[in-house]
Amino acid sequence: MPLQRLLIDRARFRALAPEDDLHQALEVPDGWQPAQLPGCVHLDLLRNGQIPDPFFGLNEAAVQWIGERDWLYDCTFELSAEQLAQPYVELCFEGLDTFAEVYLNGTHILSSQNMFVPQRAAAKAHLRAGENRLAVRFESALRRGKALEAQHGVRAVWNGDPSRVYVRKAQYHYGWDWGPRLLTAGIWRPLYVEAYQARIAELHVQPSLSDDLARADLLVQAHIQGEAESARLTLYDPSGALIESVQVAPLDSAVRHTFTLKAPRLWYPHGYGAQARYRVVAELIGARGVLDRRDVRLGLRKVRLVQAPLADQAGTSFYFEINNVPIFCSGANWIPADSFTPRLTATRYHEWLKLAVEANMLMLRVWGGGIYEDEAFYELCDELGVLIWQDFMFACGMYPAYSEFLENVRAEALAQLKRLRHYACIVLWCGNNEDYQIAESLQAYDPDFSGAFAQTAFPAREIYERLLPKLCAEHDPTRPYWPGSPYGGKSVMDQTVGDRHTWEIWHGNIADYQDYARYSGRFISEFGMQALPILPTLEAFTAPEERTLESAALRYHNKASEGFMRLNHYLTRNVGLADALPEYAYLTQLVQAEAAAAAFESWRLGWREHGKRYIGGALIWQLNDCYPAISWALVDYYLRPKPAYYRVKRALAPLALILSAEGPKVTCWAVSQRLQLLEATLQLDCWSLDGELRDQIRAVVPIGANGATLLLTHSAPSAELCVWSARLWQGEQIVARTARFPEPLHSVDYSAARLTVTALGEGRYRLSTDRPVRGVWLEAEDADGRWDDNLLDLLPDEPREICLTVGVGGVRRVRWYGGFAQM
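Notes on the structure in this doc start here. (Residues numbered from 1 in each chain as written. Predicted model: local features only at pLDDT ≥ 70, side-chain atom pairs only at ≥ 80, totals over all residues. Heavy atoms only, no water.)

Let's talk about the pattern of salt bridges
So, step 1. Per the counting criterion, the structure on display carries 62 salt bridges.
So, step 2. R12 is paired through a salt bridge with D74; the nearest N and O atoms lie 2.8 Å apart. With a gap of 62 residues between them, R12 in strand β2 (residues 10-16) and D74 in strand β4 (residues 70-79) connect regions that are remote in the sequence.
So, step 3. D74 gets classed as buried once you look at its relative accessible area, which sits at 4%. (Salt bridge = Lys/Arg side-chain N within 4 Å of Asp/Glu carboxyl O. Helix = DSSP H or I, 4+ residues; strand = E, 2+ residues; numbered from the N terminus. Buried < 20%, exposed > 50% of the residue type's maximum accessible area, 1.4 Å probe, protein only.)

Spelled out as structure tokens, the structure:
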């Protein structure tokens, strides 16, 4: 009989006090409400109308009691006599959040204390044919964490309650500087019963590519639980055609076979080649046919983290090679896309990842205070060609390293390594987020010490420098491990070794964003600037009377310490302040866009030829939000891009122009991720502020492959303020463009510009102006509308056309720096 899986997706739930007896509570008829599985208690309470929407207004404060209570989930399911007659019947939990005691027909069968460790319990002895009852008691993670803290001591953290470091639960649930404190509990990933004679307990395909990429060996290992006569292993090519099928007899409850491919088709990140994936199918064969079947889709690629001496600078490089191709990894940090992750769907993940790809992002960093994402996320990254920097789930805290905690972490890391190692998109395992940084701030980190870490003031080095790298080397040797982010050199602030978080802009001494080049590193894995979301999102979490700059609801949704003070600092220095919320929101968005572009452009210039790859990547904080907020996100919770999204999209184009100005002199660079040299015509224009063309240069220029190329340096014809524009032509087509306006923005009045917006039909609009104008932003009538481009700088001789690609309706209003028009 083939393996049968019975999904359990309905339950009932109720609150418990710590002293309540579970068995007595199960017999109480009152107080129960229906629940959906997978899910969490907040979603179940919300669905039943028991709490207000925690994302609206000040409601977050009104639901804090949920995280302080225990919760009981109770469900029934039926098994047939045939299913119960199978040699193995097991209860399978893919995720329990977090401290859970599981009872089956009144018998305790399982304890769990880690949100990230799937659980499987032998259940046959406790089951009966017909109806069975399953009960799961979730103890308050906050209370359990506080008890562990009382036992082991208070430890330092940035963000959230310090007891969180003792709890293996998504750390952002405790609140962060961009998200709410919503301490969930529940059966957060699928729950099912499996009945079988034999199953494939684990299927692992370990590829090995030759240095010249001309040959691939695929070692297939299947571990078997139960009895099977043989296993059939089959390999299909990326088009689905059969390559080879073999039948192998099990030995010591396992089968092994190596497939060899000549001239294999390789997997590349998008923009560099195809996302070819092979498929390996494993089947267990019994006397009456197939007993179990599993398959793996596998992208073949070689990953190397290059840390090599530089030709003319101190330190070492830090960049990734994929299939022997050096790649500048531009992209963003990824946080969980919802405070309540069970409601994330494959469709939602696809929308998010599509936005990343369309913004020319090559890499996302799955940040260490969230979750190891659902398989759908990584499957889509493989499909779309998005590289993943994968943190282990530790963030901004001084974690303990006593023996029970280490064993808990070992089980977690092993489970996640085995679950995720076949995804081609993952190119790095990283130990934590900012734990070395907080340790250094406390003077607890001595990089020269290598003794008994667990006995020091920074005990978690035992995790990051011994436990995790050992497990990665044993179970996933095909990709590199990195101890933390940031990490490298004698200090986490080192600009010459490892990766760096550049927070001197916004945090720290709130330096000017124009100075991002001064705060570079070999790989910048965090940097960012806050902005308000677009108006429909602000309206989604505030009542009409709360839509003012002083409203409590608005300020409650900015979780950053001194958030509005820092926003106002950057507004004052660059664009000026505004009293009305719509104008204020736009100004913060414009500053965020300018800051993001300044960072990416300056750091892309650090990607030169071999031996001079000074900067290997830059990942902005952050792509997404977990709830509607005022944050650093480029795209808000509702998948609505902020203006900075479009500015970043242009800054990360595979071929882009960059202008820098110092006094009357302007310098023009091209940055290219193309792997071939190209030749194009550069047009450089100098415009007066009232729209007069003062100077123009056209020149045929060579552009180097895979790096930055200096094209020319030129001086303005006069000392007057001017606007520079550059366009790159191939034939009759403009393949790149940019403009350079005087800084700071408020040094010029753009209000006299006469801007024209002409509807062309089918969602297309032409924009034109009589003089240079900055930051033209079209707001769609559809709150969820998206454009192929937006937030444009316009010049008198260059009308631009943009198209509404998502949504219906027309343009509601148009804004630019210094002007506004209702349509």
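Some remarks on the pairing of strand β34 (residues 665-672)
So, step 1. Burial analysis of β34 places seven of its eight residues in the buried class, the great majority of the element.
So, step 2. Strand direction decides the pairing type here: strand β33 (residues 655-662) and β34, joined by eight bridges, are antiparallel. When the sheet's bridge partners are listed, E662 is paired in β34 with K665.
So, step 3. Bridge analysis of β34 against strand β37 (residues 707-715) gives eight bridges, and the strand direction is antiparallel. Across the sheet, residue T667 finds its bridge partner in β37, namely T713. (Pairing = 2+ DSSP bridges.)

Topic: empty space enclosed by the protein
Once rolled over the atoms, a probe with the size of a water molecule shows which space is left empty.
So, step 1. Overall, the coordinates contain seven cavities of 30 Å³ or more when judged by the stated rule.
So, step 2. Volume-wise, the largest cavity comes out at about 140 Å³.
So, step 3. When contributions to the lining of the largest cavity are tallied by element, the ones reaching two or more residues are α11 (535-540) and β42 (773-780).
So, step 4. The dominant element in the lining of the largest cavity, judged by the number of residues it contributes, is β42, at four residues. (1 Å grid on protein atoms, 1.4 Å probe; cavity = no way out; pocket = protein on both sides within 12 Å on 5 of 7 lines; lining within 4 Å. Points joined across faces, edges and corners; volume = space filled by probe spheres on them.)

Focus: the state of the cysteines
So, step 1. On inspection of all chains with the given rule, the structure shows zero disulfides.
So, step 2. Free cysteine C40: the closest other cysteine sulfur is in C626, separated by 13 Å. (Disulfide = S-S within 2.5 Å.)

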